[in-house]
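# Coordinates in review
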Amino acid sequence: MSADDNKASNAASGKQATITLSGNRVVQMPVRSGSVGPDVIDIGRLYANTGCFTYDPGFVSTANCSSKITYIDGDEGILMYRGYPIEQIADHSNFLETCYLLLHGELPSKAQNSEFCTTISRHTMLHEQMTRFFTGYRRDAHPMAIMCGTVGALSAFYHDSTDINDPHQRMVAQHRLIAKMPTIAAMAYKYSIGQPFIYPRNDLDYVSNFLQMCFAVPCEPYQIDEVRARALDKIFILHADHEQNASTSTVRLAGSSGANPFACIAAGIACLWGPAHGGANEACLNMLKEIGTVDKVADYVKKTKDKSSGVKLMGFGHRVYKNYDPRAKVMQKTCHEVLNHLGVKEDPLLKVALELERIALQDDYFIEKKLYPNVDYYSGITLKALGFPEDMFTVLFAVARTVGWIAQWKEMVEDPEQKIGRPRQLYIGPSRREYVQLDKRA
Ligand code: ACO
């Protein structure tokens with residue numbers, strides 16, 4: 001197959017791709033160009049014109065949609081939200097402004113910013129009946145299990161924002177999800193440690209409010225630590241969106257059938273839970289603990305290169321980044337800032353992490369396969385220093401990613417090209433055979 005720039009033009013880009021099938025049958029397909037990034041071959045008519053499907057497990061070469069939200073160049077290590085480089089947003093913006101940018105496509109004016117912050121703060125409480133859900137879970141339930149169930153249950157409580165064909169209801173659902181996710185996450189945490197729920201405080205900013213819901217107790221005042229709040233805000237910004245990753249694609253696929261936004265986000269949370277995706281930060285910290293000391297790092301790296309061990313270097317590698325994940329650079333800096341602020345001079349896990357990174361980045365196996373630290377490599381150490389237990393790490397990721405999921409969901413619902421997601425398959429099971437009655441079988 002060749003993408004030939006000189007072929008007759010099509011409305012999309014002026015380029016066409018040619019496929020030559022057996023029997024020298026030639027089929028041409030339009031090529032579309034984005035604003036930046038690789039072209040895509042539009043194979044929408046391929047089956048109708050040739051009777052063939054494409055085969056691409058894991059969507060390695062397949063674009064499932066067009067999107068204006070987030071751009072990644074994995075070879076160069078670039079990530080941009082609505083065109084703004086992640087490093088600039090992490091240094092100068094805050095999480096709620098980032099939410100506005102992702103949802104609306106532009107940075108807010110001062111008035112828009114203040115209105116948006118007020119709107120989000122007005123939706124932070126949960127329907128009181130929902131608080132009783134938590135006591136139905138086992139005390140030792142993983143908080144991601146609680147998140148899947150409770151977020152899905154939002155659709156049972158907020159019927160006035162489940163009509164996906166009503167733009168106002170879509171907007172209210174977005175606000176509710178962004179506002180209520182920290183409340184649900186904090187309640188899941190409080191329930192797991194047997195402490196009373198702490199209600200949201202609308203005089204605090206988004207992240208400070210979340211910290212107080214997690215760490216305040218009713219019997220004494222809670223002081224917000226600015227450095228911790230700023231670090232968590234940065235972590236939220238870094239995790240806010242990442243174009244068509246597994247959980248976002250799950251949200252889009254669930255939403256493509258017309259399911260309500262709360263159900264779709266619950267589907268995204270389920271996908272995020274896996275250790276190959278959002279569960280990697282928890283798995284990475286567990287790995288660092290298992291290694292324990294710097295002298296054991298080299299042996300561990302050896303194990304991760306041996307496929308039969310089934311062990312991977314958690315927090316390393318990425319489907320898209322074949323370079324240093326730009327979020328990992330910001331995360332590493334934030335990790336040092338938090339540890340310095342807390343006076344942790346010699347964090348044993350950080351020492352292991354630095355040595356592990358040093359050895360892996362010099363190792364031919366990791367160099368050849370272009371495996372670099374991803375955002376999860378340093379986020380676990382930072383979140384632990386901020387006081388969160390390991391099983392809350394992926395929950396925090398879900399809180400941050402909710403805006404990306406819901407922005408992508410809205411874009412999909414409003415996309416005139418949107419269709420129900422329905423991949424095809426290469427069937428390799430038995431061909432037709434006749435049913436044999438049970439009494440005629442051995
Ligand atoms: N440690 C050791 N080897 C690895 C690792 C790793 N962390 N990651 C990939 N490889 C190897 C694979 O075994 C494979 O080897 P092969 O070519 O000899 O078969 C090769 O590198 C390519 O890896 P794939 O698994 O094919 O890459 P894919 O794009 O499918 O997977 C993934 C990417 C899932 C992130 C993978 O790198 C991984 O499992 N990493 C560890 C988990 C992790 O950190 N996940 C977080 C992702 S970021 C996020 O969700 C925020």
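Heads up: these notes are all about the structure in this document. All figures in this text were calculated on a predicted structure; none of them were measured in a lab. Position numbers for residues count from 1 along each chain, tracking the sequence in the order it is written. Reporting in this predicted model follows two pLDDT cut-offs: at least 70 for local features of residues, and 80 or more for side-chain atom pairs to be given and counted; totals over whole chains, interfaces and linings ignore these cut-offs and use all residues. By convention in this description, side-chain values take in all heavy atoms of the structure and omit both hydrogens and water.

### A closer look at the environment of His-175
One can find His-175 in helix 7 (residues 167-193). Among the residues examined, His-175 registers a relative accessible area of 9% and is labelled buried. Separated by 22 residues in sequence, His-175 and Ala-153 have C-alpha atoms that sit 16 Å apart. We call two residues in contact when some of their heavy atoms are within 4.5 Å. Among all residues touching His-175, those that are not within four sequence positions of it are Phe-116, Thr-119, Ile-120 and His-123. Secondary structure elements are taken from DSSP: a helix is a run of H or I of four residues or more, a strand is a run of E of two residues or more, and numbering for both begins at the N terminus. Each residue gets one of three labels from its accessible area relative to the maximum for its type: buried under 20%, exposed over 50%, partly exposed in between, using a 1.4 Å probe on protein chains only.

### A few points about the site of the ligand
One heavy atom suffices: a residue is near a molecule or strand as soon as one of its heavy atoms comes within 4 Å of it. Neighbouring the ligand are 21 residues, the closest being Lys-307, Leu-313, Gly-315, Arg-319 and Lys-369. In the model, an oxygen atom of the ligand is placed 2.7 Å from a nitrogen or oxygen of the Arg-319 side chain. In protein, a polar contact requires one atom able to donate a hydrogen and another able to accept it; more generally it is a pair of N or O atoms within 3.5 Å, and residues adjacent in sequence count only if both atoms are side-chain atoms. At a separation of 2.9 Å, a nitrogen atom of the ligand approaches a polar side-chain atom of Tyr-365. Compared with its free state, where it exposes 920 Å², the ligand has 75% of that area covered by protein. Computed with a 1.4 Å probe, the accessible areas rest on the Shrake-Rupley method; for each residue, only the protein chains presented here act as cover.

### Considerations on the pairing of strand 6 (residues 78-81)
Direction of pairing for strand 5 (residues 70-73) relative to strand 6: antiparallel, over a ladder of 4 bridges. Within the sheet, the bridge partner assigned to Ile-72 lies in strand 6 and is Leu-79. Between strand 5 and strand 6, which pair antiparallel in sequence order, lie 4 residues; one of them, Gly-77, sits at a positive phi of approximately 70°. When DSSP finds at least two bridges between two strands, those strands are taken to pair. Alignment of strand 6 against strand 7 (residues 84-85), held across 2 bridges, turns out to be antiparallel. Looking at strand 7, one finds that Met-80 is bridged to Pro-85. Between strand 6 and strand 7, which pair antiparallel one after the other, the connecting turn spans 2 residues, and Arg-82 there sits at a positive phi close to 50°.

### Quick notes on the state of the cysteines
The term disulfide is used for any two cysteine sulfur atoms that are within 2.5 Å. Within this structure, the stated rule accounts for 0 disulfides. Free cysteine: Cys-214, not disulfide-bonded; nearest cysteine sulfur from Cys-219 at 16 Å. Residue classification places Cys-214 among the buried residues on the basis of a relative accessible area of 1%. The thiol of Cys-264 is not disulfide-bonded; the next cysteine sulfur, from Cys-271, is found 13 Å away.

### Topic: the environment of Glu-290
Locating Glu-290 in the fold gives a position in helix 12 (residues 280-291). Judged by relative accessible area, Glu-290 falls into the exposed class, the value being 55%. Taking the C-alpha atoms as reference points, Glu-290 and Leu-349, separated by 59 residues in sequence, lie 9.9 Å from one another.

### A short note on the sheet that holds strand 7
The sheet built from 3 strands is open, its strands ordered 5-6-7 with antiparallel pairing. Looking at which strands have only one partner, the edges of the open sheet turn out to be strand 5 and strand 7.

### Quick look at the nonpolar core
Among the nonpolar cores identified, the biggest contains 111 residues, and Phe-210, Phe-236, Met-287, Leu-288 and Phe-388 are the most heavily contacted of them. It is helix 18 (residues 393-413) that provides the largest number of residues to this core, a total of 13 residues. With near-sequence residues (within four places) excluded, Phe-388 lies in contact with Phe-210, Leu-211, Cys-214, Phe-215, Leu-232, Leu-383, Phe-393 and Leu-396. For this analysis, a nonpolar core means a set of buried residues of the types Ala, Val, Leu, Ile, Met, Phe, Trp, Tyr and Cys, connected via side-chain atoms within 4.5 Å. Ile-19, Leu-21, Val-27 and Leu-46 belong to the second-largest nonpolar core, a separate cluster that totals 5 residues.

### Things to note about the packing of helix 7 against helix 11 (residues 261-272)
Only the contacting stretch of a helix is used when fitting its axis, a line to C-alpha atoms as for every element, and angles between N-to-C directions run 0 to 180 degrees. Helix 11 packs onto helix 7 with a crossing angle of 45° between their chain directions and a minimal axis gap of 10 Å. The angle between the axes of helix 7 and helix 11 places the two elements in the oblique class. The element helix 7 and its partner helix 11 pack so that their crossing is right-handed. Facing helix 7, whose interface residues are Ala-173, Arg-176, Leu-177 and Met-181, helix 11 presents Pro-261, Phe-262, Ile-265 and Ile-269. Residues of the contact of helix 7 with helix 11, tallied by class, amount to 7 nonpolar, no polar and 1 charged. Should an angle fall under 35 degrees it is taken as roughly parallel, and over 145 as roughly antiparallel, whereas 65 to 115 is taken as roughly perpendicular and any remaining angle as oblique. Helix crossings get a hand from a simple test, with the near helix turned counterclockwise from the far one by less than a right angle marking a left-handed crossing and a clockwise turn marking a right-handed one. Classification convention: Asp, Glu, Lys, Arg as charged; Ala, Val, Leu, Ile, Met, Phe, Trp, Tyr, Cys, Pro as nonpolar; all other residues, Gly among them, as polar.

### Thoughts on the side chain of Ser-208
Following the sequence through the fold, Ser-208 ends up in helix 8 (residues 206-215). Residues contacting Ser-208, with those up to four places away along its chain left out, are Ile-224 and Ala-229.

### Notes on empty space enclosed by the protein
A cavity here means a set of points on a 1 Å grid, drawn over the protein atoms and nothing else, where a 1.4 Å probe fits but cannot get out; a pocket is an open set with protein on both sides within 12 Å along at least five of seven lines, and a residue lines either one if it has an atom within 4 Å of a point. Grid points are joined across faces, edges and corners, and a volume is the space filled by probe spheres set on the points. A complete count under the given rule lists 1 cavity of 30 Å³ or more for this structure. When its volume is computed, the largest cavity comes out at roughly 40 Å³. Of all the secondary structure elements, the ones that give two or more residues to the lining of the largest cavity are helix 9 (226-238), helix 17 (376-385) and helix 18. With 4 residues, the single largest contributor to the lining of the largest cavity is helix 18. When its residues are assigned to classes, the lining of the largest cavity shows 7 nonpolar, 3 polar and no charged.

Interpretation in functional terms is not warranted from these geometric data alone.
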